[in-house]
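Working through the structure, step by step
In case you want the letters, here they are:
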Amino acid sequence: MAKGILVFAEQRDGKIKKVTYELLSASKKIANQLGEEVSAVLVGKGVSALANGLGEYGADKVYVIENDALENYTTDAYTNVVADLVKQNEPTAFLLGCSITGRDLAAQVAQRLDTGLLTDCINVAVENGQIVFTRPIYAGKAIITATIPEARPVMATIRPNVLPVDEPQAGKSAEVINVSANVGSIRTTVKDVIRQVSARPELTEADVIVSGGRGMKGPENFKLLEDLADVLGAAVGASRAAVDAGWVPQSIQVGQTGKTVSPNLYLAAGISGAIQHLAGMSSSKIIVAVNKDAEANIFKSADYGVVGDLFEVLPVLTQEIKKLKA
Amino acid sequence: MKIVALVKQTFDSEAKIALEGGKINRQGISLIMNPYDEYAVEEALKLKEKHGGEVTVVTVGPDEATEAVRQALAMGADQSILVNPGTEDIDEYTTAKILAKAVSGLEYDLIIGGFRAIDDGSAQVAGRVAEILNLPVVNMVTKLEVDGGKAIATSDIEGGSAVMEVPLPAVITAQKGLNEPRYPSMKGIMQAKKKPLKKIGLSDLGLDASQVAAKVKVLSYSLPPARAAGKIIPGEPAEAAAALAKALREEAKII
Amino acid sequence: MNFKLTEEQELLRKTVRDFAENEIGPKAAEMDEKEDYDWSLWDKMAEMGLTGIVFPEKYGGAGMDYISYALATEELARVDASSSVVIAAHTSLCSWPIYAFGNEEQKQRFLVPLAEGKKLGALGLTEPSAGSDAGAVKLSAVPDGNDYILNGTKTFITNGGKGDIYVVVVSTDKAKKHRGTAAFVVEKDTPGFTFGKKEHKLGIRASYTYELIFENCRVPKENMLGSDGEGFKIAMATLDGGRISIAAQAVGIAQGAYEQALAYSKIREQFGRPISANQGIQWMLADMHTRIEAARLLTLHSAYLRDAGQSHTKESAMAKLYAAECSMWVTVKAVQIFGGYGYSREYPVERMMRDAKITEIYEGTSEVQRIVIANNILR
């Protein structure tokens, strides 16, 4: 008999990813309505110390799967151990963050369990006893609500930074259950890992993002954005135009063919606001646009707009914010 | 080497989405090959040019998806299979089951597809195909080399990238940056009409609809609430920038 | 009747549209501003086979029909008229007469590299005092042993200066007027063949327009297309086909301007609503759309007749006349819809308006097209 909501507790380098807390908070709400409990699965090497903290965010149980072979994410090993755990516990739903890892793992596990999977959801709720997910399609130009009526578990990945995190209940602990791992054979070998060293937050997790487009006119001018990012503690993003021009790496592209972000504040400088860009950032809470073209499409989506030369606006903005924050 | 490229026909990214009778109105929407699948086809063709062999394009979709397949053939793919599932009520599970069945009837060293489609953006079909065929998968690949029964793939991972080695056959999904897809040449367009394009249905694969029935049920379609245009902060650039900083602090309370 | 494009024609249209929007579009304004063409685009067009669409594969072409050629030309012009001019002058005015009137050896030597895009072609027909009156060419070719000696100048030559291969219409016997003409293929760097000044133009500014100067330029007899006396005939047949590509170019410019104006009318707000809510704008857009569609049908019909091997002199003239005038009219309206912004180089419609004008002039002015049409219906 299926029971409970299971959350994939994503961690990297010994730190729980924020989306895990978002998942737990959301799961707690639906579990309460369904009269079920919330559990989490934590996978890695030397991660058991992280398990208890998950209780404060709403996990009743935490399954810990530890193994040397699980230190870094591999599709094969993680699929094997997570799918086994899900099979044994038969949860009603299994939720993951829509990160690179979560998306990769979810597809494999869903297929192994012969179930459905809704990707990149922005809301989850209970309606008529069913868990209903909301997700954008066609690059955010339409929204669907959908369920998985029969197959179990119901599976979904949830877009990071969209759902709220409830205040943690200090001292609340979770039942920690160590699960022996049958890692199985890992067919891929990691030859090298290239980490992007950046003191700034990751785009998909950042609360504030400052992005530049064609109007930045050249790679050297991204310094203006970096200065602003420094005072805001923001991540730096870019539009496709800036990436295609070779000014900045593809890894910071926001939009349909780049990353989908939902920060509290998104500042678009010299970005015209093509639909492909909006697809990646329109779920941001506050959008600010700086563009010298008063007709630029971006102003239609912006909460605040400044029509003016970004080369004049950005330095002043950086100084003013520095003053306010001082 | 024998390469299978998985492609999907999608709405043009510029398409304006409207609802009709509670569903997406497909009327007048121009259709394109999913851009990520273009990367996949291009990579397959480059591998073929380097190592010899052939490229087979496989798609699941209505008959009109022929256009996307023809484009792949015009780019240089050798043959193609279009499986029409006979219903629009399909999900990623359905598509993956059909693709895997169609591919299992072919010889292949490598299966390559886009890492996601720009319409539903679900990024799971290729991974599911790998699982069904019991093949290793490397997603979001930005660099690929094939050498002696194995592939070396650079893929996006959290916070960076990883270089992975994987034995063939394997499933690879293409991320932007892998290559610059070629435009079909005029000669290619002319030759495409002479290349095999096999149109089949579920029964030709020995499948019946119940075996591939969708797991996901869509309850409703809606359009996102329009973002209300906000306010333009007036004044000279410096003046406006100062006012903006103040508004973000005091009004939006966000910094 | 069947108005449906074939699957190949649809794919070609889509392919050229994508190429034009992605590769040419971002450069169009700058090329216009600098009055210079980015020849890396030529290499890309050659790679795609846009440089020899209508010629058989054995001559390095794609073996497509004229409808395909017209579609490709329209799609290039929709984004950048100069690019369509480069292709049209190369294909219709240089490669085609070699294909139609050249012998096998000439086709192998000249047509194959032209169609493959390894060489760029041009036609030397117009002279300072022989424009529409092509029979009045003065550039003289005097036999000398196995060669001819060319003397004189050609003016307003599209692809001049950059072109590698020129079809040059000459007079071999002034007394016989147009029956005393011939067409030669002359290669760049032939001694005695130089370029004069580059023209600075109102529109299609990225395309090269040069004066050709022949001073005792020795060209072997084997470079003559057809036979002596056929120069005028070759020129006229060439222009018949050329008119289809100019018509397609005019349709493309108009379509590009119309789409810009349509999109702008929906986003530009005045008095609290988009200007497209005003009937005055709506009627302009409706008329633009209707005229473009009519021009396109005339153009594709003349291409269809050519593909069917039927006479299309009148139809090509009608298509070119109507499409050119449509293009001018539509682009003027597009600038009007954009208002002050339309007059600014920030937006592409003013470029399109400047580009449109030439379609009423070259390869036979609108007045000459009317003469051709009248001659056909009155005879």
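Residues numbered from 1 in each chain as written. Chains lettered and ligands numbered in written order. Predicted model: local features only at pLDDT ≥ 70, side-chain atom pairs only at ≥ 80, totals over all residues. Heavy atoms only, no water.

What follows deals with the overall build of chain B. A count of helices and strands for chain B gives six helices and 15 strands. A principal-axis box enclosing the C-alpha atoms of chain B has dimensions of 65 × 45 × 40 Å. Buried residues in chain B amount to 56% of all 255 residues. Look at the contacts in chain B between residues 6 or more apart in sequence, and 71% of them connect residues 24 or more apart. Counting only carbon and sulfur atoms, one obtains 48% of the accessible surface of chain B, whose full area is about 10400 Å². Averaging the positions of the 30 positive and the 34 negative side-chain charges in chain B gives two centres separated by 1 Å. (Helix = DSSP H or I, 4+ residues; strand = E, 2+ residues; numbered from the N terminus. Buried < 20%, exposed > 50% of the residue type's maximum accessible area, 1.4 Å probe, protein only. Contact = heavy atoms within 4.5 Å. Areas by Shrake-Rupley, 256 points an atom, 1.4 Å probe, with all protein chains shown as cover. Lys, Arg positive; Asp, Glu negative; His and termini not counted. Charge placed at Lys NZ, Arg CZ, Asp CG, Glu CD.)

Along the backbone of chain C there are eleven helices and ten strands. In terms of overall size, chain C behaves like a compact globule, its C-alpha atoms giving a radius of gyration of 21 Å where 379 residues would be expected to give roughly 21 Å. When the backbone C-alpha atoms are referred to their principal axes, chain C occupies close to 80 × 45 × 35 Å. Here chain C, with 379 residues, has 58% of them falling under the buried criterion. (Rg over C-alpha atoms; globule rule 2.2 N^0.38 Å.)

Summed over all chains, the structure comprises 64 salt bridges over all chains. Measuring nitrogen to oxygen at the nearest pair gives 3.9 Å for the salt bridge that ties Lys18 of chain A to Asp207 of chain A. You can see Lys18 of chain A sitting in helix α1 (residues 18-34) and its partner Asp207 of chain A sitting in the loop between β13 (189-195) and β14 (208-212), a full 189 residues away along the chain. Given a relative accessible area of 31%, Lys18 of chain A falls into the partly exposed group. A relative accessible area of 39% places Asp207 of chain A in the partly exposed class. Salt bridges sharing partners connect three or more residues here, namely Arg12, Asp13, Lys17, Arg195, Glu202 and Glu205 of chain A together with Glu158 of chain B. (Salt bridge = Lys/Arg side-chain N within 4 Å of Asp/Glu carboxyl O.)

The next subject is the interface of chain C and chain B. Listed as interface residues are 22 residues of chain C and, on the opposing side, 15 residues of chain B. Taking both sides of the interface into account, the surface hidden between chain C and chain B amounts to around 1500 Å²; carbon and sulfur atoms contribute 66%. The largest per-residue losses of area from chain C upon contact with chain B belong to Glu7, Glu8 and Leu11 of chain C, which jointly make up 33% of the total buried on that side. Counting across the interface, chain C meets chain B through one salt bridge. Residue Arg70 of chain B is joined to Glu7 of chain C by a salt bridge in which the shortest nitrogen-to-oxygen separation is 2.3 Å. Remark: the boundary between chain C and chain B carries four residue pairs in polar contact (both at pLDDT 80 or more). (Buried area = accessible area lost by both parts, 1.4 Å probe. Polar contact = N/O pair within 3.5 Å; in protein donor to acceptor, adjacent residues only side chain to side chain.)

The next subject is helix α4 (residues 125-132) of chain B. With six of its eight residues buried, α4 of chain B lies for the most part within the structure. Positive phi appears at Asn134 of chain B, one or two residues downstream of α4 of chain B, with a value of about 55°.

A few words now on the environment of Gln260 of chain C. Residue and element names in this part refer to chain C. Structurally, the position occupied by Gln260 is in helix α6 (residues 231-267). Since its relative accessible area comes to 32%, Gln260 is described here as partly exposed. Contacts of Gln260, omitting those with residues within four sequence positions, involve Phe338, Pro348, Val349 and Met352.

Residues and elements named next belong to chain C. Running from N to C, helix α4 (residues 81-101) and α6 cross one another at 155°; their axes reach a closest spacing of 9 Å. Compared by their axis directions, α4 and α6 come out roughly antiparallel. Two packed elements cross with a definite hand, and for α4 against α6 that hand is right-handed. Of α6, the residues touching α4 (which contributes Ala81, Ser84, Val85, Ala88, Ser92, Leu93, Trp96, Pro97 and Phe101) are Lys233, Ile234, Ala237, Thr238, Leu239, Gly241, Gly242, Ser245, Gln249 and Ile253. Taken together, the residues that form the contact of α4 with α6 break down as eleven nonpolar, seven polar and one charged. (Axes fitted to C-alpha atoms, helices over the stretch in contact; angles between N-to-C directions. Parallel < 35°, antiparallel > 145°, perpendicular 65-115°, else oblique. Left-handed = near helix turned anticlockwise from the far one by under 90°. Nonpolar A, V, L, I, M, F, W, Y, C, P; charged D, E, K, R; others polar.)

For the rest of this paragraph, the subject is the sheet that holds strand β1 (residues 2-7) of chain B. Spatially, the ten strands line up as an open sheet ordered β13(A)-β11(B)-β10(B)-β9(B)-β12(B)-β8(B)-β1(B)-β6(B)-β7(B)-β13(B), and their pairing is mixed. A strand with exactly one partner marks an edge of an open sheet, and here the two such strands are β13 of chain A together with β13 (197-201) of chain B. Each adjacent strand pair in this sheet contributes to an overall mean axis angle of 25°, direction not counted. One ladder, built from four bridges, connects β1 of chain B with strand β8 (residues 110-114) of chain B; its direction is parallel. (Pairing = 2+ DSSP bridges.)

Generally speaking, a soluble globular protein has its nonpolar side chains buried in company with each other. By size, the foremost hydrophobic cluster in this structure holds 115 residues, and its most contacted members are Leu144 and Met186 of chain B together with Tyr37, Leu50 and Ile98 of chain C. Broken down by element, this core gets its largest block of residues, nine residues, from α4 of chain C. Core analysis: the second largest hydrophobic core is formed by 54 residues, Leu267 and Leu317 of chain A together with Ile233 and Ala240 of chain B among them. (Core = buried A, V, L, I, M, F, W, Y, C linked by side-chain atoms within 4.5 Å.)

It is worth spelling out the pairing of strand β17 (residues 286-291) of chain A at this point. Residues in a regular strand point their side chains to alternate faces of the sheet. Residue and element names in this part refer to chain A. By the criterion of burial, β17 is predominantly enclosed, with six of the six residues buried. The alternating pattern of β17 places Ile286, Val288 and Val290 and Ile287, Ala289 and Asn291 on opposite faces, both of which are buried. When strand β16 (residues 265-269) meets β17, the two strands line up parallel, connected through five bridges. Considered in β17, the bridge of Tyr266 is made with Ile287. The parallel pair β16 and β17 is bridged by helix α7 (residues 275-281), and the resulting crossover is right-handed. (Right-handed = clockwise from strand over helix to strand, strands pointing away.)

Moving on, we come to the packing of aromatic side chains. Ring pairs (aromatic) are described by centroid distance and by the angle formed between their planes. In the structure shown here, the tally under the stated rule is 23 aromatic pairs over all chains. An angle of 65° between the planes, with centres 6.1 Å apart, marks the rings of Tyr59 of chain C and Tyr99 of chain C as edge-to-face. Here the residue Tyr59 of chain C occupies a position in the loop between α2 (40-48) and α3 (66-79), and Tyr99 of chain C occupies one in helix α4, the gap between them amounting to 40 residues. In this structure Tyr99 of chain C comes out as partly exposed when scored by relative accessible area, which is 29%. Ring geometry for Tyr341 of chain C and Tyr347 of chain C: centres 5.7 Å apart, planes at 75°, overall edge-to-face. Judged by relative accessible area, Tyr341 of chain C falls into the partly exposed class, the value being 33%. Taken together, the ring pairs in this structure connect Tyr37, Trp39, Tyr166, Phe193, Phe195, Tyr208, Tyr210 and Phe214 of chain C into an aromatic cluster. Sitting over the face of the ring of Tyr93 of chain B, Lys215 of chain B holds its NZ or CZ atom 4.6 Å from the ring centroid. Positioned above the aromatic ring of Trp329 of chain C is the side chain of Arg291 of chain C, whose terminal nitrogen or guanidinium carbon lies 3.6 Å from the ring centre. (Phe/Tyr/Trp six-rings, centres within 6.5 Å; stacked < 30°, edge-to-face > 60°. Lys NZ or Arg CZ within 6 Å of the ring centre and 35° of its normal.)

Right, let's talk about α6 of chain C for a bit. Residues and elements named next belong to chain C. End to end, α6 covers 53 Å across 37 residues, agreeing with the expected 54 Å (1.5 Å per residue, within 8%). Remark: the principal bend of α6, roughly 25°, maps to Gly241. Burial of α6 is extensive: 27 of the 37 residues sit out of reach of the surface. (Expected span 1.5 Å × (residues − 1). Bend = angle between axes of the 7 residues up to and from the residue.)

Okay, the domain arrangement of chain C next. Residue and element names in this part refer to chain C. Assigned domains of chain C: these are domain 1 (7-115), domain 2 (121-232) and domain 3 (236-378). For domain 2 and domain 3, the distance between their C-alpha centroids amounts to 30 Å. Across the contact, nine residues belong to domain 2 and eleven residues belong to domain 3. For the pair domain 2 and domain 3, the summed buried area comes to about 830 Å², and 66% of that belongs to carbon and sulfur atoms. Taken together, domain 2 and domain 3 are joined by zero salt bridges. Run the count over domain 2 and domain 3 and you get three residue pairs in polar contact (both at pLDDT 80 or more). (Domains from an automatic or database assignment.)

All right, on to the sheet that holds strand β15 (residues 231-232) of chain B then. One key point about sheets: their strands pair by backbone hydrogen bonds, in either a parallel or an antiparallel sense. In spatial order, the strands read β15(A)-β14(A)-β16(A)-β17(A)-β18(A)-β15(B); together these six strands make up an open sheet with parallel pairing. What marks the edges here is a single partner per strand, and that holds for β15 (235-238) of chain A together with β15 of chain B. Summarising the sheet, β17 of chain A and strand β18 (residues 304-307) of chain A pair through four bridges and their orientation is parallel. Across the sheet, Ala289 of chain A pairs through a bridge with Gly305 of chain A, a residue of β18 of chain A. Contacts from helix α9 (residues 310-325) of chain A reach β16, β17 and β18 of chain A within the one sheet, and its direction differs from that of β16 of chain A by about 145°.

The interface of chain A with chain B comprises 85 residues on the first partner and 79 residues on the second. Taken together, both faces of the contact between chain A and chain B bury some 6900 Å²; the carbon and sulfur share is 55%. Applying the counting rule to chain A against chain B returns four salt bridges. At the junction of chain A with chain B, the criterion picks out 38 residue pairs in polar contact (both at pLDDT 80 or more). At nine residues, the largest contribution of residues to the side of chain A that touches chain B is made by helix α4 (residues 100-112) of chain A. Of the residues that constitute the side of chain A that touches chain B, the class distribution is 36 nonpolar, 27 polar and 22 charged. Bridge analysis of strand β10 (residues 142-147) of chain A against strand β14 (residues 217-222) of chain B gives five bridges, and the strand direction is antiparallel. The partner of Thr145 of chain A across the bridge, within β14 of chain B, is Ser220 of chain B.

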